[in-house]
Amino acid sequence: MALNIKMYSILCSILVPLLLSQNAEAAAVISIDLGSEWMKIGIVSPGVPMEIVLNKESKRKTPAVVAFRDGVRTFGEDAVNVGVRFPKNTYKFFLDLLGKSFDHPLVKAYKERFPYYDLVESDRGTPVFVHDENTKFTPEELVAQLLAKAKEFAEISHGQPISECVITVPGYFNQAERRALKDAAALAGLNVLQLINDYTAIGINYGIFRRKEINETAWYTLFYDMGAVSTKAALVEYKTVKIKEKGYVETVPQLQVIGVGFDRTLGGFEMTLRLREHLIKAWLANGGGDVRASPRAMEKLLREAERLKIVLSANTEHYAQIENLLDDKDFKVLVTRAEFEELCSDLWSRVSGVIQRAVASAAGSGEGAKLVLAGGAARAPAVHEALRKVVGHEPARSINADEAATMGAVYRAASLATGYKVAPLNVRDAVLLPIQVVFTRNVDGNEKLIKRTLFGPMNPYPQKKVITFNKHTDDFSFNVNYAELDHIPSTELKYIGSLNLSQVILSGVSEALAKHVGDNVEHKGIKAHFNMDDSGILNLINVEFVAEKTITEEDDDKDSTLSKIGSTISKLFSSDSETPEKAEEKAEDKPKESEKNETKANETTSEKQNATETENKPKPKVVVLKEPIKNEEQILNLQPLSQEQFKESKNKIKELNIIDKKRVERESALNNLEAFVVDAQLKIDMEEYAECGTQEQIEEIKKLCSETSEWLYDEGYEADTETYEAKLALLREKTNPIFYKHWEHRERPDAVAAIRNMLNSSQEFLKMAKNLTKDANSERDVFTDVEIDVLEKKITETQSWLNKAIDDQNQLKKNEDIKLTVDSIREKMSNLDREVKYLVNKMKIWRPKKPVKKESDNKTETVIENEKETTPDTADGAEKAENQEEKPEVLPEQKEDTGGEETLQISDDNPEHSEL
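Conventions we followed
- Numbers given to residues run from 1 along each chain, matching the order in which its sequence is written.
- pLDDT decides what is reported in this predicted model: residues at 70 or higher carry local features, side-chain atom pairs at 80 or more are listed and counted, and totals for whole chains, interfaces and linings draw on all residues regardless.
- Only hydrogens and water are set aside when side-chain values are computed; all heavy atoms of the structure are taken into account.
- Numbered from the N terminus, helices here are DSSP runs of H or I no shorter than four residues, and strands are runs of E no shorter than two.
- Classification of residues uses two cut-offs on accessible area relative to the type maximum, computed with a 1.4 Å probe and protein chains only: under 20% is buried, over 50% is exposed, and between them is partly exposed.
- Exposure was quantified through the Shrake-Rupley algorithm and a 1.4 Å probe, taking into account, for residues, occlusion by the shown protein chains and nothing else.
- Salt bridges are identified by distance alone: a Lys or Arg side-chain nitrogen within 4 Å of an Asp or Glu carboxyl oxygen.
- Stacked, tilted and edge-to-face are the three classes assigned to paired rings of Phe, Tyr and Trp, where Trp is represented by its six-membered ring and a pair needs centres within 6.5 Å; plane angles under 30 degrees give stacked, over 60 edge-to-face, the rest tilted.
- Charges are assigned to positions over rings by a cutoff of 6 Å between ring centre and Lys NZ or Arg CZ, combined with an angular limit of 35 degrees from the ring normal.

Points about the overall build of the protein chain
Helices and strands together make up the secondary structure of the protein chain, namely 26 helices and 33 strands. Scored against the burial criterion, the 916 residues of the protein chain give a buried share of 44%. Carbon together with sulfur atoms contributes 48% to the accessible area of the protein chain, which is approximately 49,500 Å² in total.

Comments concerning the pattern of salt bridges
A full pass over the atoms with the stated rule returns 41 salt bridges. Between Glu403 and Arg60 there is a salt bridge, with the nearest N and O atoms lying 2.6 Å from each other. Residue Glu403 is found in the loop between α11 (381-391) and α12 (404-416), and its partner Arg60 is found in the loop between β4 (48-52) and β5 (62-63); the two are separated by 343 residues along the sequence. The exposure class of Glu403 is buried, given its relative accessible area of 4%. The closest approach of N and O atoms between Glu299 and Lys92, which form a salt bridge, is 2.3 Å. Here Lys92 lies in strand β8 (residues 90-92) and Glu299 lies in helix α8 (residues 295-312), a separation of 207 residues in the sequence. An identical accessibility class is assigned to Glu299 and Lys92; each is buried.

Observations regarding the packing of aromatic side chains
In this description, an aromatic ring pair is defined by two values, namely the gap between the centres and the angle between the planes. All chains considered together, the criterion is met by 28 aromatic pairs. Ring centres of Tyr110 and Phe129 lie 6.2 Å apart, and the angle between their planes is 75 degrees; on these two criteria the pair is classed as edge-to-face. One end of the pair, Tyr110, is in helix α3 (residues 105-113); the other, Phe129, is in strand β10 (residues 127-130), with 19 residues separating them in the sequence. Of the two residues, Tyr110 and Phe129, neither departs from the other in class, the shared state being buried. Both rings, one in Trp711 and one in Tyr724, keep their centres 5.9 Å apart while their planes meet at 70 degrees; by these two values the pair is edge-to-face. Of this pair, Trp711 sits in helix α21 (residues 695-712) while Tyr724 sits in helix α22 (residues 721-770), and the two are 13 residues apart along the sequence. The exposure class assigned to Tyr724 is buried, which follows from its relative accessible area of 0%. Following the ring pairs from residue to residue traces out a cluster consisting of Phe68, Tyr91, Phe93, Tyr110, Phe114, Tyr116, Tyr117, Phe129, Phe137 and Phe269. Of note, Arg210 hangs over the ring of Tyr206, and the distance from its end group to the ring centre comes to 3.7 Å.

Right under this line is the structure:
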């Protein structure tokens, strides 16, 4: 398993940068795979590929647990440890309560599983945890604290603020549950880009690494995800489709969910509970006391049952053992895999039922689908065997079962966030809980109930829908409900909750209709616009009355007096209004042409007249008229948080965060002070530190450290942050001079050795540089005499300063003020290095100077700087070459036309120049 995770991480590091490009200014975004038992976090940020965020224990997943003890709030592993001793103060599996009423069957089951929690009904009808007489926590508040901790882990890990995320949810979550989760994210300070179904996120993760396999021929994969409390199966289709993007058609790969099956109560936790019950019976059979009456003992048994379940997945038998389970008695019993499978024998048939429902809901599609496993509970051998029997082949484990949803969700987050460009993957999810609109209509004097399907089973989303009411002329209302639930097992229907979602009341209908009446106005009805967004949440966008008005140009003219006048003036100046006589007179004035041309002219005139008559005919034009209808939507099932309730919860979480921040600051200040006192005491007792201070200084520091240490372990343990910081500042003030002198004496030998090495290297470079001057080598005059003199002077000055400074420092005691500091040595080294680097860079860019062509008196000369040679063997040429020696090289812009190819004569006496 560890090898698979390692290989998976390597694959992600190679392939993900190819699929994802980032803008340096993009903000980091995260995904949160929030389960009932565990929480995993993915992140993508500029310059960093998609990866899993580690918690403070450097683990890749965190228990979804929050604990409170003695004013200290803890999360994850720390909270789990608190829960063993104080179960009532440790909250877990609270995601199962989100968006549910107090009388919901799952809430009742939760109270039976965890009887030590004090759950009461809130004003909204939801369950609330009573923590103490002054504090209560709603499920939204607990989930928000967990999401805020996930946000904190990501910010600490990558050192930048996080504000946007994608959160995974079970696909069976209804509207109330999804809205409640978005409220919890808002309380945590997170903007939710999308609530993505967990199996869809798994499908994304599976598809992005197989993009090359996706083409116009559809292929299918069946994902089976068994988690802690529920099981889902999704049949997914992969193929390429053509979509219109930014004005042009593009072929992109598409993931579409075409079939889903689920079981809300089939999961690993149910197996753990049955195993715990088996352990309780074994304890009682050995004469143990009433363990059910002890929440602490029940929590110990639950932890041991979970550990035992995991071990039995790989072993045929194992001992369960708990020290001091109850009344100072230990517990130990052997449990075999056969016993465990017998305890859960009725669950194995439900394993295959989830797959059968997923295939059935796909309506015959998905032939040849490959089964891929996800979720930790699917590792049980009995589950594996049941799946193999139902699909007829060995289930594949080609994805990371724990992290596939997290990585798929973070890829989706990058595609939705600004600043990232990802390889396109069109995602189409499916509606599990169909929604319909119900309203009444008067038919022959009787009210008739009308039902219209808005989103049917397995309808893809995101998608917009419009419902038209074309028979209503007065104010009315309609309901939005769940319906057409035949594909959902009867055992699951009770978990959906209330089937009535909302009621929409419309007002001002008759007034809107009265504004648009007439023979040329046709009413198209009242249209309600709905949107199922990519989070699976239904939104009523708006309601409007729509009519079509037919308008002709003649109607436009009647409506405008100016149009009439303009038409009259137009007729007066129109050439078509000329009489036949005038037309004949004009024709007579023209020169006579052939009979053929006259016939052609007449035909042309006739065509113009017909075209004019056609243009003068009024053309009908249809104008769409829209009138907004006032609407009020009333939630009929679980009421969402009101603004006042949201603000109250926000302030409660803010106060907890402030308390945590102050506690962390105080603990850090205390730890820093304790560590410094111990460190100072150890150092002051060492001779190498003691000789850096006077006797009075050493005694004062020892006394101060001793007093501070005694104070810390007495009344100082309860002091505030400011007191700790003040005492630490006083200690540093007293010890810093000694610690500084010790550091100087320790680092000085290395610094002196470094500057001496630099002086030696500089001397060697100076010797070489002197051979690259004009006087030493006329062909390679890289450096001037001035530059050589400057470097030589700098070397001499530095050497003299170093020798004197060392002598002065050696005459001082170690507790006296430092004269030869490391910083002064570094400064001298920097100055010398600057001079050497200047000459080194000049030597790198130096090139031999090219010859200069010079034309005079129809003769071509080659003048080479620093070389007094000319091609023509004349004294005048030599003199001119000598005069050119100190001038920069100039190439002539204009050349005389010699009537042929220009040649450059090179002296044969100098082979170096002949290379030109």
